[in-house]
Amino acid sequence: MKYKCEICSYIYDPQVGDPDNGIEAGTSFDDLPDDWVCPECGAGKDEFSAVEE
């Protein structure tokens, strides 16, 4: 399952992670730290919604 930022449309893909911000590939969205924010616009996790692949 991938997750889309409702603000800027950035897609968080758990298979890729967010290596630029220290999130390893394979990290599920639920396992992201509570203070993780969208790397594109800075929106919090509550601004993301699940999208079908």
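The coordinates are above.
Just so you know, these numbers come straight off a predicted model, no measurement behind them.

This part is about the sheet that holds strand β3 (residues 48–51). Pairing is antiparallel in the open sheet, where three strands are placed in the order β2-β1-β3. Edge positions in the sheet fall to β2 (11–12) and β3, since each has one partner strand and no second. Both strand β1 (residues 2–5) and β2 contribute to a ladder of two bridges, which runs antiparallel. Across the sheet, the residue bridging to Lys 4 is Ile 11, located in β2.

In this section: the side chain of Asp 18. Mapped onto the elements, Asp 18 comes out in the loop between β2 and β3. For the buried residue Asp 18, which engages in no salt bridge, the nearest side chain bearing the opposite charge is Lys 45, 12 Å off. Discounting chain neighbours no more than four positions away, the residues touching Asp 18 are Tyr 10, Tyr 12, Ile 23, Trp 36 and Pro 39.

For the rest of this paragraph, the subject is the packing of aromatic side chains. For the structure shown, the criterion picks out seven aromatic pairs. Pairing Tyr 12 with Trp 36 gives two aromatic rings, centres 5.5 Å apart and planes at 65°, and the pair type is edge-to-face. One end of the pair, Tyr 12, is in strand β2; the other, Trp 36, is in the loop between β2 and β3, and 24 residues separate them in sequence. Judged by relative accessible area, Trp 36 falls into the buried class, the value being 5%. Plain terms: the ring middles of Trp 36 and Phe 48 are 5.4 Å apart, the flat faces sit at 55° to each other, and that makes the pair tilted.

What counts as what
- Residues numbered from 1 in each chain as written.
- Predicted model: local features only at pLDDT ≥ 70, side-chain atom pairs only at ≥ 80, totals over all residues.
- Heavy atoms only, no water.
- Pairing = 2+ DSSP bridges.
- Helix = DSSP H or I, 4+ residues; strand = E, 2+ residues; numbered from the N terminus.
- Buried < 20%, exposed > 50% of the residue type's maximum accessible area, 1.4 Å probe, protein only.
- Lys, Arg positive; Asp, Glu negative; His and termini not counted.
- Salt bridge = Lys/Arg side-chain N within 4 Å of Asp/Glu carboxyl O.
- Contact = heavy atoms within 4.5 Å.
- Phe/Tyr/Trp six-rings, centres within 6.5 Å; stacked < 30°, edge-to-face > 60°.

In short, geometric facts, not functional conclusions.
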